[in-house]
Amino acid sequence: MIESVELGVSTHASRLRDRIHDRTARVGVVGIGHVGLPVAVEKARAGYSVVGFDTDDSRVEALNAGVTYLDDVDPDELARAVAKGSLRASSDFAGLGQCDVIAICVPTALTANKDPDVSRLRRAAEAIAFRLRPGQLIALECTTYPGTTEELLLPILTRSGLAAGEDFYLCYAPKGEEPAGRRHAVSGTKVVSGVTPRCREVAQMFYGLTAPHVLTVSSPRAAEMTKVFESTFRAVNGALVNELALLCDRMGIDVWEVVDAASTDPFGVARFDPGPGVGGRDLPFDPFYLAWKARQYDFPTRFIELAGEINARMPYFVVEKLGRILNERGRSLRYADVLVIGVASEKDGADWRGSPSLKVIELLERAGASVKYFDPHVESFVDGRGTLRRSVALDLSLLGTVDCTVILTDHSGIPWERVVESSPAVLDTRNATAAVSTNHHKIVRL
């Protein structure tokens, strides 16, 4: 009996390995948003036949038309993959049963109480479990708290009656963070682990064909902790420099001068810049995932939670500082006309999810200001109240009609000299105007 089980395990794994190696494996990507679409394009580039699954019909239609809806996905590469037939999209999840490898890339978020919201991840796992068959590799690629793969996904998938490591293979393989504006490419190290040694072995082989280097760790929990630590490290260091900015404001010191000086020899401080808050694909959420999980072990993560509090305070500070600028000019926030430049989370990026700019706009309008925004990478977005907002054109005559221009994202290619020249006042939270040589009296930096 034991020998037949081992033979079956070997057969499933061997067949899957063969299909992965000769590129006949069919790859499904559940969720074709900011994580999933780049993953789908990456796997098509590696020679696999890829299907992206999503409940958003507009995304499905766009992908099947060969049109990208993300700035950081090469439109020509996407169009070629669709035209060649190696990439398509579907809203019919029945096709999951035909896939040999399934990457789960659905969004993870936070509830109003800053607890993990894994509802979409749970629904994706249930959709896969309903169609799970022997010989499939299931890979979780989205950022989440340590324990998700084994505590949430594994129990749902094994309801099928199939065993992980024997009938199917389950792993965690997080996507590393890339600088905004860089085309998603096969680059860097891929951290991978599986719920069993065989799962880890199969996952290592698959990702070894699409990444230059695969680093396997002992467990999915270790891989999940690695990914969440990466973001938490940046969030904590960002909080340190943000708190420095608050202190420098109180003391009348230019924080940018301090950061510039401290980043040079002989001080050698690793540079982190202050800003209106933290944003990006994972940065606003990951520290809260980690803090939430730590509480289950009676371990208060004081340092991490304090960093989250400091970063969350920054949009309020920006609005307070803008109020001071307006007061000095005989104006108030109430009824003020404000132009915000930049709602994207990061420079030269198009992802506005979790951007501190959204909170700044909300607070300004709550105070009675009228707010317009310009962002060359974000044509429109839906705010927290469900309102569709559209970018205005950067008309220099418009700049002269507002009470203040607030720079929240320092995109390249914006004529900052002319922005300052045409605006009555500028609040620069990103030091975007550092090279502006005239009208310094108009500029107030964070």
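Thresholds applied
Residues numbered from 1 in each chain as written. Predicted model: local features only at pLDDT ≥ 70, side-chain atom pairs only at ≥ 80, totals over all residues. Heavy atoms only, no water. Helix = DSSP H or I, 4+ residues; strand = E, 2+ residues; numbered from the N terminus. Rg over C-alpha atoms; globule rule 2.2 N^0.38 Å. Buried < 20%, exposed > 50% of the residue type's maximum accessible area, 1.4 Å probe, protein only. Contact = heavy atoms within 4.5 Å. Areas by Shrake-Rupley, 256 points an atom, 1.4 Å probe, with all protein chains shown as cover. Lys, Arg positive; Asp, Glu negative; His and termini not counted. Charge placed at Lys NZ, Arg CZ, Asp CG, Glu CD. Pairing = 2+ DSSP bridges. Axes fitted to C-alpha atoms, helices over the stretch in contact; angles between N-to-C directions.

1. A closer look at the overall build of the protein chain
In step 1: Secondary structure assignment for the protein chain yields 14 helices and 17 strands.
In step 2: A compact globule built from 446 residues should have a C-alpha radius of gyration of about 22 Å, and the protein chain, at 24 Å, falls within 12% of that.
In step 3: Taken over the C-alpha atoms alone, the protein chain extends approximately 85 × 50 × 40 Å along its principal axes.
In step 4: Residue burial in the protein chain is summarised as follows: out of 446 residues, 52% are buried.
In step 5: Within the protein chain, counting contacts between residues at least 6 apart in sequence, those at least 24 apart form 68% of the total.
In step 6: On the protein chain, roughly 19800 Å² of surface is accessible, and the fraction owed to carbon and sulfur atoms is 53%.
In step 7: Of the side-chain charges in the protein chain, 51 are positive and 58 negative, and the distance between the mean point of each set is 2 Å.

2. Quick word on the sheet that holds strand β3 (residues 87-90)
In step 1: The sheet built from 8 strands is open, its strands ordered β3-β2-β1-β4-β7-β8-β9-β10 with mixed pairing. Unpaired on one side and paired on the other, β3 and β10 (213-216) mark the two borders of the sheet. When strand polarity is set aside, the average angle formed by the axes of neighbouring strands in this sheet is 25 degrees.
In step 2: In the sheet, strand β1 (residues 26-30) pairs with strand β4 (residues 101-104) via 4 bridges, with the strands oriented parallel. When the sheet's bridge partners are listed, Gly28 is paired in β4 with Ile102.
In step 3: Against the sheet, helix α6 (residues 148-157) contacts β4, β7 (137-140) and β8 (169-172), and its axis sits at roughly 155 degrees relative to β8.

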